[in-house]
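Each chain, written out:
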Protein chains: 2
Amino acid sequence: MPPTITAFDRSPDGGKGRARDTRVRWALEEVGQPYEVRLVSFQAMKEPAHLALHPFGQIPTYEEGDLALFETGSIVLHIAERHAGLLPDDANARARAISWMFAAVNTVEPPILELVTARILESDKPWSKERLPLVMDRVRDRLKQLAARLGDADWLDGAFSAGDLMMASVLFRLRTSGILDEYPNLAAYVARGEARPAYRRAFEAQRAVNTR
Amino acid sequence: MPPTITAFDRSPDGGKGRARDTRVRWALEEVGQPYEVRLVSFQAMKEPAHLALHPFGQIPTYEEGDLALFETGSIVLHIAERHAGLLPDDANARARAISWMFAAVNTVEPPILELVTARILESDKPWSKERLPLVMDRVRDRLKQLAARLGDADWLDGAFSAGDLMMASVLFRLRTSGILDEYPNLAAYVARGEARPAYRRAFEAQRAVNTR
């Protein structure tokens, strides 16, 4: 039995690939594992059946036999630990790849989430215009450091890993802000991620759901 | 050779245990592993030697033989994978504990970091007073869901795990805001974390540095 993941019945982005199921689909495509998808509506996400799977009422979730997981990072790590293709064999390199996974979600994503909030949830507030540059500068602080570390390498620590999958996925969110283009090596890094056949398949699969 | 972690030479909180080295010290104390500490100044954190260890110029880092790691979550996971005491033996329970680690840093911590930013970095802005309730409500949205899941259990998924260590550490940041007291079961959960002998030792060790 292939695992089952959940995804939005209708993604708020209309299929641009920003919903987090894309990250899990991408990981499954990288390791060549088939999967099933169960679509959930916004209403169903807040009901007891889904909350039993995901305490915060979000997608994606991952069910495989007796195991039920939530949180994209842990689902991607679970897939990466069980199938070849997303983590190096060397124990130290493996631990470093996992560091990049946590850096993606705990150091780089928080200011990006704050920017998304400022641009969407607080766009009609009186402080919106004056505050936005502050929030954008906090994102730039992180991107500058990330760009300095990446340099002219293709990936963050040697071969492509789950760390790159998570970092590129977090950076995808910046595409419409224009900020990413201020860091050409990061823009190229994201483009390399998007060009991977596994990403293309994941993207097309989520797009098909949202344009049906 | 015990591992070496880095910590603030002078923590901005003066030793209240909110700096992230406390999380790593706590993990090391839970598994009974000795460790060395190298203190770094704010200036040194931004210099090449430290940036080589931590691309984002923060603490803590973790060095053990040839291995150098950054990001608290990945350091705690590394410790938990190599020593008994922080992850269950059962594979499924282990994966669920890791889900809670990611939930702590990617779902619960971002709105808390936003609250810290609003209260500290933006406290002098003209929008500060009007905006703060919005930010606090975003924290409450998460705490309400977390409180519903925890119910009257002691820990998030059976026995205490690295997931609880990370979640309690994230919630510690709310102590001065008063919000935590609105959720008595979460306040009690945090108190159970703080009462653990390993946490006490970790707390005292970081306090000794900051009150020397």
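The sections below set out a description of the structure shown in this document. Please read these numbers as outputs of a predicted model, since none were measured by experiment. (Residues numbered from 1 in each chain as written. Chains lettered and ligands numbered in written order. Predicted model: local features only at pLDDT ≥ 70, side-chain atom pairs only at ≥ 80, totals over all residues.)

Looking now at the interface of chain A and chain B. Facing the 32 residues of chain A at the interface are 32 residues of chain B. Only strand 4 (67-70), helix 4 (72-82), helix 5 (91-120) and helix 6 (128-150) of chain A provide two or more residues apiece to the side of chain A that touches chain B. Among the elements that line the side of chain A that touches chain B, the one with the most residues is helix 5 of chain A, at 14 residues. Classifying every residue of the side of chain A that touches chain B by side-chain character gives 15 nonpolar, nine polar and eight charged. (Contact = placed C-beta atoms within 7 Å. Helix = DSSP H or I, 4+ residues; strand = E, 2+ residues; numbered from the N terminus. Nonpolar A, V, L, I, M, F, W, Y, C, P; charged D, E, K, R; others polar.)

Time to look at the nonpolar core. Judged by nonpolar contacts, the single largest core of 114 residues is most densely connected at A:Ala162 and B:Ala162. Apart from the residues within four sequence positions on either side, A:Ala162 is in contact with A:Ala27, A:Val76, A:Leu77, A:Ala80, A:Leu86, A:Leu87, A:Ala97 and A:Met101. (Core = buried A, V, L, I, M, F, W, Y, C linked by C-beta atoms within 7 Å. Buried ≥ 20, exposed ≤ 12 C-beta atoms within 10 Å, placed from the backbone.)

Residue and element names in this part refer to chain B. If you walk across this open sheet you meet the four strands as 2-1-3-4, and the pairing is mixed. At either margin of the open sheet sits one strand with a lone partner, and together these are strand 2 (36-40) and strand 4 (67-70). Adjacent strand axes in the sheet meet at a mean angle of 25°, parallel and antiparallel pairs treated alike. (Pairing = 2+ DSSP bridges. Axes fitted to C-alpha atoms, helices over the stretch in contact; angles between N-to-C directions.)

A separate point is the sheet that holds strand 1 (residues 4-8) of chain A. Residues and elements named next belong to chain A. Reading across from one edge, 2-1-3-4 is the order of the four strands in this open sheet, with mixed pairing throughout. At either margin of the open sheet sits one strand with a lone partner, and together these are strand 2 (36-40) and strand 4. Each strand axis lies, on average, 25° off the axis of its neighbour in the sheet, ignoring direction. Two elements, strand 3 (residues 61-64) and strand 4, share four bridges in a ladder whose sense is antiparallel.

With that out of the way, let us pick up the packing of helix 5 (residues 91-120) of chain B against helix 7 (residues 162-172) of chain B. All names here are of chain B. Where helix 5 meets helix 7, the closest approach of the two axes is 7 Å, and the angle between their N-to-C directions is 10°. When the interaxial angle is binned, helix 5 and helix 7 end up roughly parallel. Contact residues: Ala-97, Trp-100, Met-101, Ala-104, Val-105, Val-108, Glu-109 and Ile-112 in helix 5; Ala-162, Gly-163, Met-166, Met-167 and Val-170 in helix 7. Of the residues in the contact of helix 5 with helix 7, the class split is 11 nonpolar, one polar and one charged. (Parallel < 35°, antiparallel > 145°, perpendicular 65-115°, else oblique.)

What follows covers the packing of helix 1 (residues 21-30) of chain A against helix 9 (residues 197-210) of chain A. Residue and element names in this part refer to chain A. In the contact formed by helix 1 and helix 9, the axes pass within 8 Å of each other and the chain directions differ by 135°. Between helix 1 and helix 9, the angle is such that the two are oblique. Taken as a pair, helix 1 and helix 9 cross one another with a handedness that is right-handed. Facing helix 1, whose interface residues are Asp-21, Thr-22, Arg-25, Trp-26, Glu-29 and Glu-30, helix 9 presents Ala-198, Tyr-199, Arg-201, Ala-202, Phe-203, Ala-205 and Gln-206. (Left-handed = near helix turned anticlockwise from the far one by under 90°.)

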